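Residue-level structural notes
Given next are the chains, with one letter for each unit.
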Amino acid sequence: MKLNLRLVAAPRKILGVPWNQTEDFISVVTNHLSLPTKLTRRQLLRSTAQLYDPLGLLCAWSIRPKLMLQQSYSEASKQTGWDSELPKAIQSQWSQWISESGPSFDVPRCVDASETTLKKRHC
């Protein structure tokens, strides 16, 4: 009788972010984002707050909904409440941002410093 023992690597996490050890990349999960029928400030803030990126790997991507939330507080829309529908311009920006995002972003864990070029500044 042969025993076939196969070791399966348990998923690892770095700062609560999934890490694929075999391909050596970190995954930032964004599958909770959705396109509601009526976008409100409350939903926009909820979705923005659920983006967990402690390493700041996606800050260039995740700044857009934060700017949309800030835009919702402009002078023209101060009268709307937390559960009022946001203007069409912000809704279209949100739908475009959602369509550009996938279920997760995979970022290489190790960045090779030899690939970067150093520039010296002389004063």
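Structure: above.
Summarised in this report is the structure supplied together with it. (Residues numbered from 1 in each chain as written. Predicted model: local features only at pLDDT ≥ 70, side-chain atom pairs only at ≥ 80, totals over all residues. Heavy atoms only, no water.)

Considerations on the packing of aromatic side chains
What the rule picks out here adds up to three aromatic pairs. Seen from their ring centres, Trp-61 and Trp-97 are 4.5 Å apart, and the 25° between their planes marks the pair as stacked. Pair noted here: Trp-61 is in helix H2 (residues 59-71) and Trp-97 is in helix H3 (residues 88-100), with a separation of 36 residues, a long-range link. For the pair Trp-61 and Trp-97, one class covers both residues: buried. Their ring planes at 40° and their centres at 5.1 Å tell us that Trp-94 and Trp-97 sit as a pair that is tilted. Here Trp-97 and Trp-94 lie together in helix H3, a separation of three residues that amounts to about one turn. When its relative accessible area of 1% is taken as the criterion, Trp-94 is described as buried. One residue, Arg-41, lies across the ring of Tyr-73, its end atom 4.2 Å from the ring centre. (Phe/Tyr/Trp six-rings, centres within 6.5 Å; stacked < 30°, edge-to-face > 60°. Helix = DSSP H or I, 4+ residues; strand = E, 2+ residues; numbered from the N terminus. Buried < 20%, exposed > 50% of the residue type's maximum accessible area, 1.4 Å probe, protein only. Lys NZ or Arg CZ within 6 Å of the ring centre and 35° of its normal.)

Quick look at the pattern of salt bridges
Here the structure, examined in full by the defined rule, presents three salt bridges. For the salt bridge of Arg-64 with Glu-100, the shortest nitrogen-to-oxygen distance reads 2.6 Å. Highlighted residues: Arg-64 in helix H2 and Glu-100 in helix H3, separated in sequence by 36 residues. Overall, the relative accessible area of 28% leaves Arg-64 in the partly exposed class. On the basis of relative accessible area, Glu-100 is assigned to the partly exposed category, the value being 42%. Lys-88 serves as the salt-bridge partner of Glu-85, at 3.6 Å between the closest nitrogen and oxygen. Residue classification places Lys-88 among the exposed positions, given a relative accessible area of 62%. (Salt bridge = Lys/Arg side-chain N within 4 Å of Asp/Glu carboxyl O.)

Overview of a nonpolar patch on the surface
A contiguous nonpolar patch, built from Leu-15, Tyr-52, Leu-55 and Leu-57 and spanning about 380 Å² of accessible area, is present on the exposed surface. Examined against the element boundaries, Leu-55 turns out to sit in the loop between helix H1 (41-49) and H2. (Patch = residues over 30% accessible without salt bridge, like charges linked within 9 Å, V, L, I, M, F, W, Y side chains within 5 Å. Areas by Shrake-Rupley, 256 points an atom, 1.4 Å probe, with all protein chains shown as cover.)

Examining the packing of H2 against H3
Put simply, H2 and H3 touch, their axes get as near as 11 Å, and they point 165° apart. If you check the angle between H2 and H3, you find them roughly antiparallel. Regarding H2 and H3, the two cross each other, and that crossing is left-handed. Two secondary-structure elements touch here, H2 through Trp-61, Arg-64, Pro-65, Met-68 and Gln-71 and H3 through Ile-90, Gln-93, Trp-94, Gln-96, Trp-97 and Glu-100. Looking at the contact of H2 with H3 residue by residue, the classes come out as six nonpolar, three polar and two charged. (Axes fitted to C-alpha atoms, helices over the stretch in contact; angles between N-to-C directions. Parallel < 35°, antiparallel > 145°, perpendicular 65-115°, else oblique. Left-handed = near helix turned anticlockwise from the far one by under 90°. Contact = heavy atoms within 4.5 Å. Nonpolar A, V, L, I, M, F, W, Y, C, P; charged D, E, K, R; others polar.)

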